[in-house]
Amino acid sequence: LTSERYGVQRLPFSHVSDKDLAFFEHTVPGRVITDPDMLKPFNVDWLKMVRGCSKVLLKPRISGEVSEILRYCNERNLAVTPQGGNTGLVGGSVPVFDEIILSTALMNQVISFNGVSGILVCQAGCILETLNQYVEEQEFIMPLDLGAKGSCHIGGNVATNAGGIRLLRYGSLRGTVLGLEAVLANGRVLNCLTSLRKDNTGYDLKQLFIGSEGTLGVITAVSILCPRKPKAANVAFLGCGSFAHVLETFKVCKGMLGEILSAYEFLDDECMKLVQKHLKLNNPLTGSPFYVLIETSGSNAGHDEEKLNNFLEQVISSGLVIAGTLATDETKIKALWALRERITEALTHDGYVYKYDISLPVEKLYDLVCDTRARLGKSAKNVVGYGHLGDGNLHLNITADSYQQTLLNAIEPFVYEWTAKYQGSISAEHGLGFKKKQHIYYSKPDEAVELMQKVKAMLDPRGILNPYKTLPTQGSH
Ligand code: FAD
Ligand code: MLT
Ligand code: ZN
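Residues numbered from 1 in each chain as written. Chains lettered and ligands numbered in written order. Predicted model: local features only at pLDDT ≥ 70, side-chain atom pairs only at ≥ 80, totals over all residues. Heavy atoms only, no water.

**With respect to the site of ligand 1**
Moving on, step 1. Near ligand 1, the surroundings consist of 35 residues, among which Pro82, Gly84, Gly85, Thr87 and Gly88 are the closest.
Moving on, step 2. Contacts to ligand 1 include Gly92, whose backbone N or O atom sits 3.2 Å from an oxygen atom.
Moving on, step 3. Within the side chain of Thr160, an N or O atom sits 3.0 Å from an oxygen atom of ligand 1.
Moving on, step 4. Compared with its free state, where it exposes 960 Å², ligand 1 has 96% of that area covered by protein.
Moving on, step 5. Among the secondary structure elements, those contributing two or more residues to the shell around ligand 1 are β3 (80-83), α6 (154-160) and β9 (218-225).
Moving on, step 6. Of the residues forming the shell around ligand 1, the biggest block, 5 residues, is contributed by α6.
Moving on, step 7. Residue composition of the shell around ligand 1, grouped by class: 11 nonpolar, 22 polar and 2 charged. (Near = heavy atom within 4 Å. Polar contact = N/O pair within 3.5 Å; in protein donor to acceptor, adjacent residues only side chain to side chain. Areas by Shrake-Rupley, 256 points an atom, 1.4 Å probe, with all protein chains shown as cover. Helix = DSSP H or I, 4+ residues; strand = E, 2+ residues; numbered from the N terminus. Nonpolar A, V, L, I, M, F, W, Y, C, P; charged D, E, K, R; others polar.)

Put into structure tokens, the structure is as follows:
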């Protein structure tokens, strides 16, 4: 099905034989899954749009086992798809054909945590939320947070260079990941698992693996810098009359909340209607065209509240904000966050979802939603915009009752050309995976793609690691 729909040909990899299965059983005894029913959820992505037909799932526990598996697969020319929590949104985490699935689900041990420096070293299969709970017990937090925290693995987060809702405050994983261990396609273990804040000895190889979506190596462990748990957290949920006011509010917010600002997220009223309709969430405000979620995190509750109140007074009295509510207790904070974090889930209940994840100059962010809405008219069910406004990241999503090629033709390349016109990125944080790899040229020059292909060929000469993903099919441009 996949090959027909996407026009992709299976590359000449070997097929898994009984002899191969015997080798795997010997290497990871009792952790070789071949039962078709058990394999089903690993063959389909979170959005249920990309489906592979792998017949084998392997669950190593340690990097030595990953090394054995890859060395063997490389020799035998068997393709492998690394998989973490399988929450990726671009079809990168599932096989396209019969690639072997290498899951990090059992690689879930914390290796060490330093309560002075806040440096956590752990295996790649630790679930993000579990790690956050673990470090919270020691008064720290993970430097990243996202809606999929309950399922995604830290290795998957690093492999996708996931952004999420704390990036505004703590920066990207390119800064907070201090080191990592990766197993290369030929089975060699690359130990760059240092925990140093500063290390300028040669090229920073770990950066190659951050955001490489399983195409250059299997990440088996990471060392990550965790910030202190803020003593006080406040959330304000505000309504704005226009997107211009959302932007102006952001400007005032940066000026008045400065160092305690930890999130500035937005959603439009169409998103609000979807979470109300499909998830029965309650809108605490009267209807507004736009909503903003502001989070502050600081060390002095009284000081933060005072700052937040001054800010609110300013934006309300100047008419930038037309409605608002504040939360300091955890239950209400969670309820407000759900309105933003559960949009992804609400969209899946609305029908087939055409998903875009765009970086743009912040002042242009919502124009793309308006132009797309105008272009598609009644042929789309809903055209919605939400995202990490503070990071210039828009999530443009379009729903329809079912997949329609004509609708897709109306959306693409329009959305990509629009983005390229303003020097934006066609993938801000989700990656290219299987679904977007052909569109890389909208955001990267030919020379950059060519160099990426050379890096891939050097690290994985037989192309066994996550084939058909991230880089465009050679000769397709
Ligand atoms: P998977 O989905 O299993 O894999 C993702 C990719 O990484 C695949 O290409 C896979 O081959 C590769 N990979 C996985 N593990 C490894 C490894 N150990 N070594 C090498 N390669 C590996 N993303 C954001 O950036 N910001 C968000 O705010 C955000 N919110 C989300 C909210 C929801 C509800 C959902 C469903 C997804 C969201 N995502 C978000 C998408 C995001 O990419 C993933 O949630 C997460 O980073 C992927 O982790 P995972 O363990 O599920 O990886
Ligand atoms: C988000 O910010 O909610 C995630 O990136 C998921 C999505 O884009 O739907
Ligand atoms: Zn996002």
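Once the structure has been displayed, the description carries forward.
**With respect to unusual backbone geometry**
Moving on, step 1. The omega torsion of the bond from Glu412 to Pro413 falls at 10 degrees, within 30 degrees of zero and hence cis.
Moving on, step 2. Along the chain, the position of Pro413 falls in the loop between α16 (405-411) and α17 (414-421).
Moving on, step 3. Positive phi is not limited to glycine here, since Asn466 has a value of about 45 degrees.

**Comments concerning the site of ligand 2**
Moving on, step 1. Lining the immediate environment of ligand 2, one finds Leu89, Arg340, Thr344, Lys355, Tyr386, His388, His395, Glu429 and His430.
Moving on, step 2. Within the side chain of Arg340, an N or O atom sits 2.7 Å from an oxygen atom of ligand 2.
Moving on, step 3. In this structure, an oxygen atom belonging to ligand 2 sits 3.0 Å away from a side-chain N or O atom of His388.
Moving on, step 4. Surface burial for ligand 2 is 86%, taken as the share of its 260 Å² of free accessible area covered by protein chains.
Moving on, step 5. For the shell around ligand 2, the residue count by class is 2 nonpolar, 4 polar and 3 charged.

**Considering the coordination of the zinc ion (ligand 3)**
Moving on, step 1. Taken together, the protein ligands of the zinc ion (ligand 3) are His388 (NE2), His395 (NE2) and Glu429 (OE), with distances of 1.9 to 2.1 Å.
Moving on, step 2. All donors of the zinc ion (ligand 3) come from a single chain, and their spacing in sequence reads H-x6-H-x33-E. Of the two residues, His388 sits in strand β15 (residues 382-388) while Glu429 sits in the loop between α17 and α18 (446-459), which places them 41 residues apart along the sequence.
Moving on, step 3. Take His388: its relative accessible area is 5%, and that puts it in the buried class. (Donors = N, O, S within 2.8 Å, 3.2 Å for Na, K, Ca; no water. Buried < 20%, exposed > 50% of the residue type's maximum accessible area, 1.4 Å probe, protein only.)

**As for the environment of Ala236**
Moving on, step 1. Its location among the elements puts Ala236 in strand β10 (residues 232-240).
Moving on, step 2. The class for Ala236 is buried, based on a relative accessible area of 0%.
Moving on, step 3. With 148 residues separating them along the chain, Ala236 and Gly88 place their C-alpha atoms 29 Å apart.

**Digging into the side chain of Thr220**
Moving on, step 1. Relative to the assigned elements, Thr220 resides in strand β9.
Moving on, step 2. A distance of 2.7 Å separates polar atoms of two side chains, one belonging to Thr220 and the other to Glu181.
Moving on, step 3. In contact with Thr220, other than residues within four places in its own chain, are Ser63, Val66, Met107, Gln123, Ala124, Glu181, Ala182 and Val183. (Contact = heavy atoms within 4.5 Å.)

**Things to note about the sheet that holds β15**
Moving on, step 1. Judged by pairing direction, the sheet is antiparallel, and its 7 strands sit side by side in the order β13-β10-β12-β11-β15-β16-β14 without closing on themselves. Strands with a single pairing partner mark the edges of an open sheet, and in this sheet they are β13 (323-327) and β14 (352-359). On average, each strand axis in the sheet is tilted by 15 degrees relative to the strand beside it, whichever way the strands run.
Moving on, step 2. The strands that helix α12 (residues 301-317) touches are β10, β12 (290-298) and β13; relative to β10, the one it contacts most, it runs at about 10 degrees. (Pairing = 2+ DSSP bridges. Axes fitted to C-alpha atoms, helices over the stretch in contact; angles between N-to-C directions.)

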